[in-house]
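Structural overview for review
Spelled out from the first residue to the last, the chains are:
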Amino acid sequence: MEKNLTTGSVFKNLVYFSLPYLLSYFLQSLYGTADLFIIGQFNSTDSITGVSIGSQVMHMITVMIVGLAMGATVTIGRSVGAQDSKAASRYIGNTVSLFLIGSVALTAALILLVKPIVSVMSTPVEAVDSTTAYLTICFIGIPFITAYNIISSIFRGLGDSKSPMYFIAIACVFNIALDCLFIGALGMGAAGAALGTTLSQTVSVIVALAVMRKSKTGIKLTKDDFKFRRSVIGNILRIGFPISLQDGFIQISFIVITIIANRRGLNDAAAVGIVERIIGFLFLLPSSMLSAVSALGAQNMGAGKPKRAKLTLRYAILIVVAVGSAVVALVELTAPQLIALFDNSPDVVRLGTQYLRSYVTDCVFAGIHFCLSGYFCAIEKSGISFLHNSISIVFARVPLAYLASKKFPDNLFPMGWAAPIGSILSVLICLAAYIIINKKEKQKNG
């Protein structure tokens, strides 16, 4: 399973490694979107809104777990690149121990905080029961969500991006089937959507554990590897914690925007929730490139090949800009039809189309800073990613969304521009950081 990504064509390595990532993210987005789509076929707008709000909270929790797990991917990847199997074993063992304890504590805390979370989200009165039911069941499944993402991070750190794709594919198939059963046949509404999600995730974890036991990884784990080591945990958290905070802040900004929309009424809330789900699909390539640049860059840096890491970054940026531009053009032409797939009520389609047509331009700009963030993670400077996203959120995304909502109460188009403007600010900060880092490297080596 272990694969060396420090030799051969950089472009081919990037494409071959990122494609399974892309398909994994596609399946994961399909996994979540299935809940929203299927419930839209059998239930009214209040249930749709409940699932969209609940799934956004769950998405925030998931991406923070994924961000923290990136610390494992990078540290394992650098160990593999340096051909240090003992270090890789320690990072794998400590990662498992750390996230096992953390997931149990997180589950307990979230279950106790369900009602306050629903209240903070300014959930419309009609959707409170649906949102509460959805979140309660999903929170119970947190350990399985954590387990899947940790197993996937280990596989990717070892250079295997295909196995996680198979795991999520299995979960996706089960989720769609269970949604049809619980929501369609049994009429369980939002609770059925959450139950389908939790059970399908459990199945994927069981399969992943079975595969991991039988795989020839080239890494031998002992009981000693699972004992906490301060230096090992410190390295994982030093890389993963800023990324987790960064992703958390980004999702908080989305949630704040959702709250702003929720206060405008049920139709606005449904429209924003649907668009956020569509944007999740459109951001599959930028997200996969961030992860691919992190993993490939980490192995190359560990092998003492920084030029290959930089070349990986450049190819990734070219890909996201080219594909992102095409996606923007396509969505501008088909926005109403995309919204109607989830909710065909005239007001929701009108508002969703407005929001999507401005928001979609973020595919290009976010793609650029995603790639740069992946590179900063690979060179163990993930704090830069946290910095630029924090500045973007505080000075652009949230205030601009709030001002647009107040000034244009009947139109979501202006509010949709908050995200791309925030991403432009992030790109400028990332480019400045990249230039400064390169200058310091030249001075050090010169």
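Preceding this section is the structure that the text describes.
A brief structural summary. (Residues numbered from 1 in each chain as written. Predicted model: local features only at pLDDT ≥ 70, side-chain atom pairs only at ≥ 80, totals over all residues. Heavy atoms only, no water.)

Attention shifts here to the overall build of the protein. A tally of helices and strands in the protein yields 17 helices and 0 strands. A compact globule built from 446 residues would reach a C-alpha radius of gyration of about 22 Å, and the protein, at 21 Å, matches this within 12%. For the protein, restricting intrachain contacts to residue pairs at least 6 apart in sequence, the fraction spanning at least 24 positions comes to 84%. Surface summary for the protein: the accessible area is close to 18,300 Å², and the carbon and sulfur share equals 68%. (Helix = DSSP H or I, 4+ residues; strand = E, 2+ residues; numbered from the N terminus. Rg over C-alpha atoms; globule rule 2.2 N^0.38 Å. Contact = heavy atoms within 4.5 Å. Areas by Shrake-Rupley, 256 points an atom, 1.4 Å probe, with all protein chains shown as cover.)

To continue, consider the layout of surface pockets. Put simply, the second largest pocket is a space of about 320 Å³. Lining the second largest pocket are 16 residues, and of these Val 96, Leu 100, Ala 147, Ile 151 and Leu 209 sit closest to its centre. Contributions of two or more residues to the lining of the second largest pocket are made by helix H3 (85–112), helix H6 (142–157) and helix H8 (189–214). A per-class count over the lining of the second largest pocket returns 14 nonpolar, 2 polar and no charged. (1 Å grid on protein atoms, 1.4 Å probe; cavity = no way out; pocket = protein on both sides within 12 Å on 5 of 7 lines; lining within 4 Å. Points joined across faces, edges and corners; volume = space filled by probe spheres on them. Nonpolar A, V, L, I, M, F, W, Y, C, P; charged D, E, K, R; others polar.)

This part takes up a nonpolar patch on the surface. The grouping of Leu 400, Tyr 402, Leu 403, Phe 413, Trp 417 and Ile 421 at the surface amounts to a nonpolar patch, some 540 Å² of accessible area in total. Locating Leu 403 in the fold gives a position in helix H15 (residues 383–407). (Patch = residues over 30% accessible without salt bridge, like charges linked within 9 Å, V, L, I, M, F, W, Y side chains within 5 Å. Salt bridge = Lys/Arg side-chain N within 4 Å of Asp/Glu carboxyl O.)

Any aromatic ring pair is given by two values, namely how distant the centres are and how the planes are angled relative to each other. One pass over the full model with this rule turns up 6 aromatic pairs. Centroid distance Phe 11 to Tyr 315: 5.2 Å. Interplanar angle 70°. Geometry classified as edge-to-face. Note that Phe 11 is positioned in helix H1 (residues 10–42) and Tyr 315 in helix H12 (residues 306–340), a separation of 304 residues in sequence. Three or more aromatic residues link up through ring pairs in this structure, and these residues are Tyr 375, Phe 376 and Tyr 434. (Phe/Tyr/Trp six-rings, centres within 6.5 Å; stacked < 30°, edge-to-face > 60°.)

By the definition in use, this model includes 4 cavities of 30 Å³ or more. The calculated volume of the second largest cavity comes to roughly 90 Å³. Elements represented by at least two residues in the lining of the second largest cavity include exactly H1, helix H2 (45–81) and H6.

Among the nonpolar cores identified, the biggest contains 73 residues, and Met 58, Phe 139 and Met 415 are the most heavily contacted of them. By residue number, the principal contributor to this core is H2, which donates 10 residues. The residues contacting Phe 139, other than those within four sequence positions of it, are Val 57, Met 58, Ile 61, Thr 107, Leu 110, Ile 111, Val 114 and Ile 117. The next biggest cluster of nonpolar side chains, apart from the first, holds 28 residues, and it includes Leu 285, Ile 319, Val 320 and Tyr 375. (Core = buried A, V, L, I, M, F, W, Y, C linked by side-chain atoms within 4.5 Å. Buried < 20%, exposed > 50% of the residue type's maximum accessible area, 1.4 Å probe, protein only.)

Okay, the environment of Val 349 next. Tracing the backbone shows Val 349 in helix H13 (residues 346–359). Beyond its immediate sequence surroundings of up to four residues, Val 349 is in contact with Pro 336, Ile 339, Ala 340, Asp 343 and Asn 344.

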